[in-house]
Amino acid sequence: MSVELCRVIELPRIPEARGNLTFIESGRHIPFDIRRVYYLYDVPGGASRAGHAHKNLQQVLVAMSGSFDVLLDDGREKKTVHLNRSYFGLYIPSMVWREINNFSSGAVCMALASEFYDESDYFRIYSAFAESVHRA
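It should be emphasised that the depicted structure is a prediction, and the values quoted were computed from it without experimental measurement.

J.: Honestly, the overall build of the protein chain in this entry has me stumped. Any pointers?
T.: When its secondary structure is counted, the protein chain shows one helix and twelve strands. Each helix and strand of the protein chain, placed in order from N terminus to C terminus, yields the pattern β-β-β-β-β-β-β-β-β-β-β-β-α. A compact globule built from 136 residues should have a C-alpha radius of gyration of about 14 Å, and the protein chain, at 15 Å, falls within 12% of that. Here the protein chain carries 15 positive and 16 negative side-chain charges, and the mean point of each set is 2 Å from the other.

Written as structure tokens, this is what we have:
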């Protein structure tokens, strides 16, 4: 996989005077069926989250409130994406290392995942991830 496959997806947005509405339909607005949803919040200033890659799982990250940066690394190339709007999702395919940092006060990061939680799907040590990428 490659960081070039990571992309920001604009989600549907219905603006009106009473407040805006954004919705996400599984398999329609994102390129997989959603099997799990979780979110990060109350992240202390200066803290970093994620710091892993997945062997098979794909994700879309959304800044539901506030902002944060996502560092993407495929073992060859790196790029950083800043998320700060609840109608943009960042698609991350499998085999891309991600680190989430620079959380603003009150930031909430929602993750939509293509698979149920499975610890064996994780690379939690960067050197093991990089070795796997270079073997492929």
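Still to come is the rest of the account.
J.: Whenever I open this one, the pattern of salt bridges confuses me. Can you help?
T.: Where charged atoms from two side chains of opposite charge come close, those side chains can pair. Enumeration according to the criterion identifies seven salt bridges in this entry. Notably, a salt bridge pairs R35 with E115, separated by 3.3 Å at the nearest N-O pair. Taken together, the positions of R35 in the loop between β3 (21-22) and β4 (36-41) and E115 in the loop between β11 (108-113) and β12 (122-123) put the pair 80 residues apart, joining distant regions of the chain.

J.: What am I meant to see in the nonpolar core here?
T.: In summary, soluble globular proteins display a tendency toward joint burial of nonpolar side chains. Membership of the largest hydrophobic core comes to 19 residues, with the highest contact counts inside it found for V70 and L72. Listing elements by their share of this core, those giving two or more residues are β6 (59-65), β7 (68-73), β8 (78-83), β9 (88-92) and β11. Per element, the largest residue contribution to this core is three residues, and it comes from β7. Sequence-distant contacts of V70, defined by excluding residues within four places in its chain, comprise L61, K79, T80, V81, L83, L90, I92, R98, E99 and I100.

J.: How should the pairing of β11 be read in this particular structure?
T.: Moving residue by residue along a regular strand, the side chains alternate between the two faces of the sheet. The element β11 is largely enclosed, with a buried count of five among its six residues. Note: β4 against β11, six bridges, orientation antiparallel. Pairing of V37 across the sheet is with L112, part of β11. Sheet topology places β6 next to β11; six bridges connect them, and they run antiparallel. Across the sheet, residue V62 finds its bridge partner in β11, namely M110.

J.: How should the sheet that holds β7 be read in this particular structure?
T.: Within a sheet, neighbouring strands are paired by backbone hydrogen bonds and run either parallel or antiparallel to one another. If you trace the five strands from one edge of the open sheet to the other, you get β8-β7-β10-β5-β12, paired in antiparallel fashion. Of all strands in the sheet, those bounded by a partner on one side alone are β8 and β12. Taken together, the three bridges between strand β5 (residues 49-54) and strand β10 (residues 97-101) define a ladder with antiparallel strand orientation. Its bridge partner lying in β10, H52 is registered against R98.

Here is what the cut-offs are and how they apply
Residues numbered from 1 in each chain as written. Predicted model: local features only at pLDDT ≥ 70, side-chain atom pairs only at ≥ 80, totals over all residues. Heavy atoms only, no water. Helix = DSSP H or I, 4+ residues; strand = E, 2+ residues; numbered from the N terminus. Rg over C-alpha atoms; globule rule 2.2 N^0.38 Å. Lys, Arg positive; Asp, Glu negative; His and termini not counted. Charge placed at Lys NZ, Arg CZ, Asp CG, Glu CD. Salt bridge = Lys/Arg side-chain N within 4 Å of Asp/Glu carboxyl O. Core = buried A, V, L, I, M, F, W, Y, C linked by side-chain atoms within 4.5 Å. Buried < 20%, exposed > 50% of the residue type's maximum accessible area, 1.4 Å probe, protein only. Contact = heavy atoms within 4.5 Å. Pairing = 2+ DSSP bridges.

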